[in-house]
Amino acid sequence: MENKWVLPLALSLFITVLSLAAAAKPVLPPIFILGDSTADVGTNNFLPGSMARADFPHNGIDFPRTSKPTGRFSNGLNSADFLARHFGYKRSPSPFLSLKTTSLQKKKFNGINFASGGSGLLDITGQTMLTLMKFGTGNIPFGASFKNQKNVLSLTEQIQQFSSVKNNLTALMGAVATEKFLKESLIFISIGSNDLFGYYHSKSSIPKEKFLSSLEVAYENHLKTLYNLGARKFGIISVAPIGCCPSQRIFNATGGCLEELNDNAIAFHSRLDALLCKLSSEYKGMKYSLGNSYEMTINVIQNPLPFNFTQVEAACCGTGKLNAENFCKPDANLCSNRDQYLFWDRFHPTQAAYKLAAVTLYGGGPQFVTPINFAQLAEA
């Protein structure tokens with residue numbers, strides 16, 4: 001059953017895609033983005049009850065031209081923006097929820113961003129994690145929820161939104177043209193870290209391997225649903241060494257990374273790698289590129305100077321130890337050399353780090369992106 005967050009895009013989308021009706025293959029590949037705060041470009045701005053928002057200073061201080069917060073968890077652009085740039089766009093497509101009220105009649109439809117900060121592979125992720133992130137590490141039951149407020153849009157809801165877009169395209173272009181359009185589209189997914197954060201900090205009694213299996217099953221089901229909706233090209237971004245986030249380092253007396261969290265991220269990547277290999281052999285026409293965010297990031301942390309980073313432990317914006325005891329807010333400490341920091345706030349990368357990640361995903365070698373990189377995925 002559809003809820004109010006998964007409404008059709010109405011007349012504006014119909015008019016927007018008129019120019020596509022005669023095109024069998026777009027000049028630039030349409031881009032659809034799903035995931036969490038690493039790819040959110042303002043989705044949560046449209047959720048009044050959400051605690052996972054970044055539509056306030058100092059977020060956005062380096063955003064091109066405006067220097068204003070946009071809802072991105074960054075001092076400027078994020079990974080979704082830089083990936084879109086590599087494929088010929090100015091920045092990420094707009095958030096799905098913004099398209100219900102914003103007329104795009106004079107713009108060419110080039111995709112949509114569904115990503116929602118705080119979301120995860122599991123539908124329960126986002127409710128517990130947000131409180132955990134905001135107010136500390138008290139033992140919150142892993143399945144606990146907070147009613148009467150919409151904190152995030154789960155990946156399930158994001159895929160429902162994608163389905164409504166497909167329905168609108170089909171109504172306008174017909175089934176055959178829509179199938180061709182989606183076949184050439186790139187589906188980028190960046191998700192999983194919030195699930196791992198939630199599991200670790202809730203001190204769940206669920207065995208690690210059982211929990212990781214549940215994430216793998218959830219990912220498989222999400223990918224199968226997208227495939228059945230017509231998606232064929234998947235650019236998957238796995239989980240970074242989240243134990244090295246400033247917010248996690250402060251729980252280590254030495255200031256080092258929380259290795260258990262990092263081990264979980266490595267194990268998750270291994271499972272995801274095997275899953276994608278299996279699905280691509282079982283589902284005709286499915287192609288994928290898997291970005292190893294763990295290797296990409298740990299490489300910078302262990303050898304930062306060649307990448308022009310001088311600070312890879314503390315956050316640029318925040319308060320307390322490592323600027324990681326609270327979120328980046330208007331009264332927080334703010335570094336001046338932001339391009340030399342790996343972390344913007346206690347959880348998220350800086351614009352400079354996002355840019356480096358996108359460069360690697362787009363054109364990197366097999367150490368970081370397998371079996372092909374994102375550029376090769378677009379041509380596949």
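Residues numbered from 1 in each chain as written. Predicted model: local features only at pLDDT ≥ 70, side-chain atom pairs only at ≥ 80, totals over all residues. Heavy atoms only, no water.

A.B. asks: Before we move on, can you summarise the packing of helix α4 (residues 155–173) against helix α5 (residues 175–184) with the specific residues and values?
C.D. replies: Between α4 and α5, the least distance of the axes is 7 Å, while the angle of their chain directions is 135 degrees. Classified by the angle between their axes, α4 and α5 sit oblique to one another. In the crossing of α4 with α5, the sense of the turn from one axis to the other is right-handed. Touching F162, K166, L169, T170 and M173 of α4 are A175, A177, T178, F181 and L182, all from α5. Looking at the contact of α4 with α5, its residues break down into seven nonpolar, two polar and one charged. (Axes fitted to C-alpha atoms, helices over the stretch in contact; angles between N-to-C directions. Helix = DSSP H or I, 4+ residues; strand = E, 2+ residues; numbered from the N terminus. Parallel < 35°, antiparallel > 145°, perpendicular 65-115°, else oblique. Left-handed = near helix turned anticlockwise from the far one by under 90°. Contact = heavy atoms within 4.5 Å. Nonpolar A, V, L, I, M, F, W, Y, C, P; charged D, E, K, R; others polar.)

A.B. asks: If you had to explain the packing of helix α6 (residues 193–201) against helix α7 (residues 208–228) to someone new, which residues and values would you point to?
C.D. replies: How two helices pack is summed up by the angle between their axes together with the distance between the axes. Axis separation between α6 and α7 bottoms out at 11 Å; the angle between their running directions is 155 degrees. By the criterion of interaxial angle, the relationship of α6 to α7 is roughly antiparallel. Considering only the axes of α6 and α7, their crossing is right-handed. Taken together, the residues of α7 that come into contact with α6 (itself represented by D195, L196 and Y199) are K208, F211, L212 and L215. Among the residues forming the contact of α6 with α7, the class breakdown is five nonpolar, no polar and two charged.

A.B. asks: Go over the pattern of salt bridges, please, and point to the residues and values.
C.D. replies: Applying the stated criterion across every chain, the model contains nine salt bridges. In this structure, the salt-bridge partner of R53 is D55, at a minimum N-O distance of 2.7 Å. Here K278 and E220 are joined by a salt bridge, their closest N and O atoms 3.0 Å apart. Placement of K278 in helix α9 (residues 259–282) and of E220 in helix α7 is noted, with a sequence separation of 58 residues between them. Its relative accessible area of 33% is what places K278 among the partly exposed residues. The class of E220 is buried, set by a relative accessible area of 13%. (Salt bridge = Lys/Arg side-chain N within 4 Å of Asp/Glu carboxyl O. Buried < 20%, exposed > 50% of the residue type's maximum accessible area, 1.4 Å probe, protein only.)

A.B. asks: Which residues make up the sheet that holds strand β5 (residues 287–291), and what are the values?
C.D. replies: Read from one edge to the other, the open sheet built from six strands follows the order β2-β1-β3-β4-β5-β10, with strand pairing classed as mixed. Taken across any chain shown, the strands that pair with only one partner, and hence form the sheet edges, are β2 (111–113) and β10 (369–370). Relative to strand β3 (residues 186–190), strand β1 (residues 31–35) is paired through five bridges, and the arrangement is parallel. Bridge pairing links I31 to L186 in β3. α9 contacts β4 (233–237), β5 and β10 of the sheet and is inclined by roughly 170 degrees relative to β5. (Pairing = 2+ DSSP bridges.)

A.B. asks: How would you sum up unusual backbone geometry? Please name residues and give values.
C.D. replies: In this chain, P57 is followed by H58 through a cis amide linkage whose omega measures 10 degrees. Inspection of the secondary structure puts H58 in the loop between β1 and α2 (79–86). Cis geometry is found at the peptide bond from T370 to P371, where omega equals -10 degrees. Of note, the phi angle at R65 is positive, near 70 degrees, even though the residue is not glycine. Secondary-structure assignment places R65 in the loop between β1 and α2. Notably, N308 is not glycine yet its phi reads approximately 70 degrees, a positive angle. Mapped onto the fold, N308 is located in the loop between α10 (293–302) and β6 (311–315). With a relative accessible area of 46%, N308 lands in the partly exposed category.

Note that all results are geometric; they support no functional claim without further evidence.
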